[in-house]
Amino acid sequence: DGARVQIHCTGAGVRIFSRALNEITSSLPEVVELAQRLGSRHAILDGEVIAIDAEGRPLAFQEVMRRFGRVRDIERLRLERPVRLFVFDLIGLDGELLIDVPYEERYAALCGVASSAGLAMATRILPATVAEGDQFYARAIADGYEGIVAKALASSYMPGARGRGWVKIKTART
């Protein structure tokens, strides 16, 4: 239950934006440090920032939002409320915009970029059966996550939205 971020890495540095495209770079110095591992690569990454507890388990959405937009006590909050970044999509790479490229191809490119920089990727499977998908979902819930996102492999990238090719699946709570 984290917050979506867009990370822009260029020769001029790293800038991080919220889903609403508000700049939040100074609020997440550890994400900046991770993105700097890309070196000279120019990339626009889509990901999720999740607040974690001392055991590394995800915390509620409100906890990660305590970090967004902060300009004071950032180092203290960084220690008190650490975050973890998971990248899951690649919007642009080395000057080429990838939003019209099918997700399957964007993901393949993301694997190379994330691997070379040591960035954590969101766990992904291509289930062969409904039972395999159900097991993946059950593990995500047991690990403390809110749910999963199912993506059509041929889907294009829809800026600012999940779009028809992405479906969020989570447990309903009343």
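Residues numbered from 1 in each chain as written. Predicted model: local features only at pLDDT ≥ 70, side-chain atom pairs only at ≥ 80, totals over all residues. Heavy atoms only, no water.

In spatial order, the strands read E2-E1-E3-E4-E5; together these five strands make up an open sheet with antiparallel pairing. Edge positions in the sheet fall to strand E2 (13-18) and strand E5 (96-97), since each has one partner strand and no second. Here strand E3 (residues 43-51) runs beside strand E4 (residues 83-93); their pairing, made up of nine bridges, is antiparallel. By the bridge assignment for E4, Ile-50 is matched with Arg-84. Here helix H4 (residues 103-117) sits on the sheet and contacts E3 and E4; the angle it forms with E4, its principal contact strand, is near 120 degrees. (Pairing = 2+ DSSP bridges. Helix = DSSP H or I, 4+ residues; strand = E, 2+ residues; numbered from the N terminus. Contact = heavy atoms within 4.5 Å. Axes fitted to C-alpha atoms, helices over the stretch in contact; angles between N-to-C directions.)

The next thing to look at is the pattern of salt bridges. The full count for this structure, using the stated rule, is 14 salt bridges. With a shortest N-O distance of 3.7 Å, Glu-75 and Arg-78 are connected by a salt bridge. Separated by three residues within a single helix, Glu-75 and Arg-78 lie in helix H3 (residues 74-80), roughly one turn from each other. A residue is classified by how much of its surface remains accessible, and Arg-78, at 21% relative accessible area, is partly exposed. Several salt bridges converge on common partners, so that one network encompasses Glu-33, Glu-75 and Arg-78. (Salt bridge = Lys/Arg side-chain N within 4 Å of Asp/Glu carboxyl O. Buried < 20%, exposed > 50% of the residue type's maximum accessible area, 1.4 Å probe, protein only.)

What follows concerns the pairing of strand E1 (residues 3-10). Counting buried residues in E1 gives six out of eight residues, a clear majority hidden from the surface. Here E1 runs beside E3; their pairing, made up of seven bridges, is antiparallel. Each bridged residue has a counterpart across the sheet, and for Arg-4 the counterpart in E3 is Glu-48. In terms of strand pairing, E1 meets E2 through six bridges, oriented antiparallel. For Ile-7, the partnering residue across the bridge sits in E2 and is Ile-16. Here E1 folds back onto E2 in antiparallel fashion, the turn holding two residues.

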